[in-house]
Amino acid sequence: MALIPTHRPRRNRKSEVIRNMVQETTLSVHDFIYPVFLIEGENKTIEVTSMPGIQRFTADRLLDEIGACVDLGIKSFAPFPSIDDRLKDRLAQESHNPDGLYTRTIAQIKKAFPDVVIMSDVAMDPYSSDGHDGIVDPDSGEILNDATLEVLGQMALAQARAGADIIGPSDMMDGRVAWIRDVLDRNAFSHVSIMSYTAKYASAFYGPFRDALGSAPKKGDKKSYQMNPANRREALRELALDEQEGADMVMIKPALSYLDVIREVRNHTQLPVTAYNVSGEYAMVKAAAQNGWVDGERTMMEVLMSIKRAGADAILTYFAKEAAAVLRRG
Ligand code: PBG
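Residues numbered from 1 in each chain as written. Predicted model: local features only at pLDDT ≥ 70, side-chain atom pairs only at ≥ 80, totals over all residues.

**As for the overall build of the chain**
Counting its secondary structure elements, the chain contains eleven helices and twelve strands. Seen through its principal axes, the chain has C-alpha atoms that stretch 80 × 45 × 40 Å. For the chain, the proportion of its 330 residues judged to be buried stands at 45%. Excluding contacts between residues fewer than 6 apart, the proportion of contacts in the chain whose partners are at least 24 apart in sequence is 74%. (Helix = DSSP H or I, 4+ residues; strand = E, 2+ residues; numbered from the N terminus. Buried ≥ 20, exposed ≤ 12 C-beta atoms within 10 Å, placed from the backbone. Contact = placed C-beta atoms within 7 Å.)

See below:
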């Protein structure tokens, strides 16, 4: 006897109008924070070989790029600087130079585009001669947590003075959110937000980013401060601490291999949750698309939608400009 199905979920998929009517998650240009790479000099762009379509910009060219993005509706940017090796030292002193490349450029962007939101990066690696996010003890090779907090506080303050709207500590030192909050508040920057890299994993997916900035560790790895990819509960512990310490928004990084962590964090906090769709995730989609192995545009949109479905309110993504163009086209 042939069994006739009594439940037919396909009825809700039978036409585009019905599919749109019951769609649970939507993607909008407002969801995007665009990470952009900054280099010293004038009127120059250099492509990141391992990130097809992504450039490093001199400040003047970055202003043009931001203008083009604003026309597409992208209003939030996360700049990262590529610092000349001669300016790096073990204490990352260039990181809080008020006339440094990074702070100068943030001020220029805010002057040219007052409405644009700048999320600045706090971590020592772009300025550290050791290529680490914290101070390396020259004898033991250990990362010195509490001494690093001093540097991070000065860095955050310099960025706030330059006009940063959101401070994004990506260093994973213990206690940094409370430390930075205190420094900002004591210096009349209580209006400046903190988006904490709450669960940042020691991931292989950061490779192309380190190429772009020349920021790879000279020795060792980042496993004594970034999280073990095997751990999920630990992300909730970091979340509880970041909430206590005063984070305004929390972030999970990377995104694609950590969708379960995004969902877990979403279910445990009332704070906005963001996710960083990192360089290696971008590179994988681009490489496969260039080989004709996947449809690049559809894969990109599916990746971004999945990160939102997992529970992210906003996404840091190198796809921002391309995806904004797709969304505009409708
Ligand atoms: C370092 C930092 C990294 C990224 C953002 N900030 C790399 C790292 O921890 O080595 C990676 C972003 C990406 O891969 O897109 N503070």
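That was the structure; now back to the text.
**A word on the UniProt feature "binding site: Mg(2+)" (unreviewed entry) in the chain**
The UniProt feature table records "binding site: Mg(2+)" (unreviewed entry) at Glu238. Within the secondary structure, Glu238 is located in helix H7 (residues 233-245). Excluding residues within four positions of it along the chain, Glu238 makes contact with Thr198 and Ala199. (UniProt positions renumbered as here; feature names shortened; annotations may be inferred.)

**Here we look at the UniProt feature "active site" (unreviewed entry) in the chain**
Sequence positions flagged by UniProt for "active site" (unreviewed entry) are, in local numbering, Lys200 and Lys253. The greatest C-alpha distance among the residues just named is 4.9 Å, despite their covering 54 residues of sequence, which places them together in space. Within the secondary structure layout, Lys200 lies in strand S9 (residues 193-200). With residues up to four places along the chain from it excluded, the contact list for Lys200 reads Ser170, Met172, Gln226, Met227 and Lys253. Along the chain, Lys253 turns up in strand S10 (residues 249-253). On the basis of neighbour count, Lys253 is assigned to the buried category, with 24 C-beta atoms found within 10 Å. Discounting chain neighbours no more than four positions away, the residues touching Lys253 are Tyr197, Lys200, Tyr201, Ala275, Tyr276 and Val278.

**Some remarks on unusual backbone geometry**
In this structure, Pro254 follows Lys253 across a cis peptide bond, with omega equal to -10°. One non-glycine residue, Ala92, lies in the positive phi region at around 55°. Within the secondary structure, Ala92 sits in the loop between strand S4 (76-81) and helix H3 (101-112). Unlike most non-glycine residues, Ala188 shows phi in positive territory, near 65°. Within the secondary structure layout, Ala188 lies in the loop between helix H5 (176-186) and S9.

**Details of the packing of helix H8 (residues 259-266) against helix H10 (residues 296-310)**
Across the interface, H8 lies against H10 with an axial gap of 8 Å and an inter-helix angle of 35°. From H8, Leu259, Ile262 and Arg263 reach across to H10, where they touch Ser306, Ile307 and Ala310. Split by residue class, the contact of H8 with H10 holds four nonpolar, one polar and one charged. (Axes fitted to C-alpha atoms, helices over the stretch in contact; angles between N-to-C directions. Nonpolar A, V, L, I, M, F, W, Y, C, P; charged D, E, K, R; others polar.)

**Comments concerning the nonpolar core**
With 96 residues, the main nonpolar core has Ala156, Ile180 and Ile262 as its most contacted residues. The residues contacting Ile180, other than those within four sequence positions of it, are Val122, Leu152, Gly153, Ala156, Ile167, Pro169 and Ile194. (Core = buried A, V, L, I, M, F, W, Y, C linked by C-beta atoms within 7 Å.)

**Focus: the environment of Glu47**
Within the fold, Glu47 resides in strand S2 (residues 45-47). Here the alpha-carbon distance between Glu47 and Phe37, two residues ten residues apart in the chain, equals 10.0 Å.

**Some remarks on helix H2 (residues 59-71)**
When the terminal C-alpha atoms of H2 are compared, their 19 Å separation across 13 residues agrees well with the 18 Å that a helix rising 1.5 Å per residue should span. Within the span of H2, buried status applies to Leu62, Ile66 and Cys69. Projected down its long axis, H2 shows its buried positions confined to an angular sector of 60°, all on one face. Residues Gly67, Ala68 and Asp71 are exposed on H2 and point more than 90 degrees away from its buried face. The secondary structure elements touched by the buried residues of H2 are strand S1 (32-39), strand S3 (55-58), S4, H3 and helix H11 (320-329). (Expected span 1.5 Å × (residues − 1). Arc of directions from axis to C-beta.)

**Concerning the confidence of the model for the chain**
Per-residue pLDDT for the chain averages 97, and the proportion of residues at 70 or more is 100%. For this predicted complex, the interface confidence comes out at an ipTM of 0.97, alongside a pTM of 0.97. (pLDDT = per-residue confidence, 0-100.)

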